[in-house]
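# Residue-level structural notes
The residues making up each chain are set out below.
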Amino acid sequence: MLDVRGLKKVYEGSGRRVEAVRDLTFTVDAGELVCLVGPSGCGKTTLLRCMGGLLTPTSGEVLLGGRPVTGPPPGMAFVFQEYGRSLFPWMRVRDNVELPLKQKKLSPSRRRELVADALESVGLTDAAGAYPWQLSGGMQQRVAIARALAYEPDVLLMDEPFAAVDAQTRADLEDLVRGLWQQRGITILFVTHDIDEAVYLGERVLILSTSPTVVQEQLKVDLPAERDQLHTRVAPRFAELRTHVYEQIQAAKRGRVPGGLEETKDVQDAQVVKADTPPTP
Amino acid sequence: MKTLALRLFFVLALPLLLVIAWWFASDSSTDVYWPPLRTILTTFPDVWTGERLRDDVLPSLLRLLAGYTAAAVVGVALGTVIGSYRRVRAVCEPVLEFLRAVPPPVLVPVIMLFAGIGDTMKIAVIASGCVWPILLNTVEGVRAVDSVMSETARSYGITGSARLRHVVLRSASPQIFAGLRQALSIGIILMVISEMFAASNGLGFTIVQFQRSFAIPDMWTGILLLGLLGFILSVLFRLLERRALGWYHGLRDTSRRSS
């Protein structure tokens, strides 16, 4: 569904040359929920913006359903971290969700249907007439999710969407995303810096190295499909996986792949799909 | 009900006090140029009859409306273009700063050369003065559109005229309105000034006529009327702004409460 091949992004400006992403190759299958984790400042956001067609990569390409992404594709929706700056404060919740649909030239009745359905899925039917700034942070991010859902995307890109909400709201939103993913069969690429969140949500976790970014490791999360905050997070398997991801990220910060640490040996043997791209020495 | 009465009291207290002070200070005045307020107020209905309102006040207001509207359209349109493109801005900015610094009244003689002494001249004078605050504020507002909002719009395919209408202009509207508000008071000033130079009717013309014919109380009534007019226009503007920027005031109150 989503193919990233040899992606490289170099920012050049005022005599400085910053290589944000060096060489990224990975694929996301249709209907998969993949989490991207990495140390802070590792170019996650750059990667996601390249994938969403908001930035042009320096080299390499992104394919959506086999077709190269050159601008924001209609089959892709974005949920940004900064919900307060991503929703339009001059529009009511309903209109915020509806505006992208008007651009898609859908009929008014179809638009109303999609808006009502999306708001219901995120539990905000009653807030349709409110302005975004009248809602709490978590509710605002729900509106942003509803807007993405109503857009009927094949792929949903989420850029650290819950980094700015409190822990309890965050747990609710995580369950919401997993629920929506299971119901609707959308392909989701979820970027986060929170290791627990990545393991809890993802079917697969991609661990990125520090900038210049490469894929450090790909890890399949073999937790049961039905997850809940209470039990999943205390399951021994969850602890193993998160420990492993944590170690990988620590290793990424030091700039190397750890060589078969005792605690994670079985995890590595059983689960680790080797990264397509070898980390830089 | 009680709070409404209290608010009304606060709004009216100072104006009333000033009028009373004026009333008593001028009460025993025998100075020709400084007539008692009582005389001015009794003259008022005699001077501003229906006929005068139609022949002098209405033309003035229509010219103000025409000039102001032209300035708003040109200012917002040009400001949007200049604000959207960095290159255009770099080219235009020095020129804009210069043109803005030229006091609009000095343009009256110049514009008279080109546009004659008719309505066109007066409308042109009003528009040429009003356009700057609107233009410069629009440039700032358009330039300051939030980067996340722009990216959101782009990623959801909101481009072209829809982006302009639903995102850029709405996001810049608080600044545009600030410009429009400044322009309104400039417009009233220029309306009067343009009529003082060369005119056969209008408020400014009438006031100058009264002064030249030593109809001093009549002149004072004209000044009072101008003040009232400015006040009414600003109230109307505030009502319009409240409607258009309701979201902005709400947003600001919310973020102020939470910080």
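Every value quoted in this text rests on a predicted model; they were computed, and no experiment measured them.

This brings us to the overall build of chain A. From N to C terminus, chain A includes 9 helices and 11 strands. Here the C-alpha atoms of chain A give a radius of gyration of 19 Å, agreeing with the 19 Å that 2.2 N^0.38 yields for 281 residues. Counting only C-alpha atoms and orienting by the principal axes, one finds that chain A spans roughly 60 × 50 × 35 Å. Of all 281 residues assigned to chain A, the portion counted as buried reaches 43%. Once local pairs closer than 6 in sequence are excluded, the contacts in chain A between residues at least 24 apart make up 70%.

Right, let's get into the overall build of chain B. Across its full length, chain B holds 11 helices and 0 strands. Written out in order from the N terminus, the α and β elements of chain B read α-α-α-α-α-α-α-α-α-α-α. In terms of overall dimensions, chain B has a C-alpha envelope of 75 × 60 × 30 Å along the principal axes.

Across the boundary between the two partners, chain A contributes 18 residues, which contact 18 residues of chain B. At the level of secondary structure, the elements contributing two or more residues to the side of chain A that touches chain B comprise α2 (83-86) and α3 (93-103) of chain A. Ranked by residues supplied to the side of chain A that touches chain B, first place goes to α3 of chain A with 3 residues.

On to the environment of Ser173 of chain B, then. Residues and elements named next belong to chain B. Relative to the assigned elements, Ser173 resides in helix α8 (residues 160-197). Residue class for Ser173 comes out buried when judged on the 20 C-beta atoms lying within 10 Å of it. Separated by 36 residues in sequence, Ser173 and Asn137 have C-alpha atoms that sit 9.5 Å apart. With residues up to four places along the chain from it excluded, the contact list for Ser173 reads Ala244 and Leu245.

All names here are of chain A. The element strand β7 (residues 155-159) is extensively covered by neighbouring structure, given that 5 of its 5 residues are classed as buried. Across 4 bridges, strand β6 (residues 76-79) lies against β7 in parallel orientation. Note that in β7 the partner of Phe78 across the bridge is Leu157. Between the parallel elements β7 and strand β8 (residues 187-192), the chain passes through helix α6 (residues 167-184) in a crossover that is right-handed.

Turning our eyes to something else, we now look at the domain arrangement of chain A. In many reports, interface size means the accessible area that the parts give up when they come together. All names here are of chain A. You can read the domains of chain A as domain 1 (1-75 + 156-168 + 190-281) and domain 2 (80-152). Listed per partner, the contact involves 8 residues of domain 1 and 6 residues of domain 2. When the residues that make up the side of domain 1 that touches domain 2 are grouped by side-chain class, the tally is 6 nonpolar, no polar and 2 charged.

Attention shifts here to the pairing of strand β3 (residues 33-37) of chain A. Residue and element names in this part refer to chain A. Counting buried positions over the 5 residues of β3 gives 5, a clear majority of the element. When β3 meets β8, the two strands line up parallel, connected through 5 bridges. When the bridges of β8 are listed, Cys35 appears paired with Phe190. One ladder, built from 4 bridges, connects β3 with strand β9 (residues 204-208); its direction is parallel. Residue pairing in the sheet places Cys35 in a bridge with Val205 of β9.

Here the focus is the environment of Pro104 of chain B. Residues and elements named next belong to chain B. Here Pro104 shows up in the loop between α4 (86-101) and α5 (107-115). According to the C-beta neighbour criterion, Pro104 is buried, with 22 such atoms within 10 Å. C-alpha separation for the pair Pro104 and Arg170, spaced 66 residues apart in sequence, amounts to 29 Å. In this structure, Pro104 is in contact with Val125, Ser128, Gly129, Ile186 and Leu190, ignoring residues within four places of it in sequence.

Cut-off values and rules
- Residues numbered from 1 in each chain as written.
- Chains lettered and ligands numbered in written order.
- Predicted model: local features only at pLDDT ≥ 70, side-chain atom pairs only at ≥ 80, totals over all residues.
- Helix = DSSP H or I, 4+ residues; strand = E, 2+ residues; numbered from the N terminus.
- Rg over C-alpha atoms; globule rule 2.2 N^0.38 Å.
- Buried ≥ 20, exposed ≤ 12 C-beta atoms within 10 Å, placed from the backbone.
- Contact = placed C-beta atoms within 7 Å.
- Pairing = 2+ DSSP bridges.
- Right-handed = clockwise from strand over helix to strand, strands pointing away.
- Domains from an automatic or database assignment.
- Nonpolar A, V, L, I, M, F, W, Y, C, P; charged D, E, K, R; others polar.

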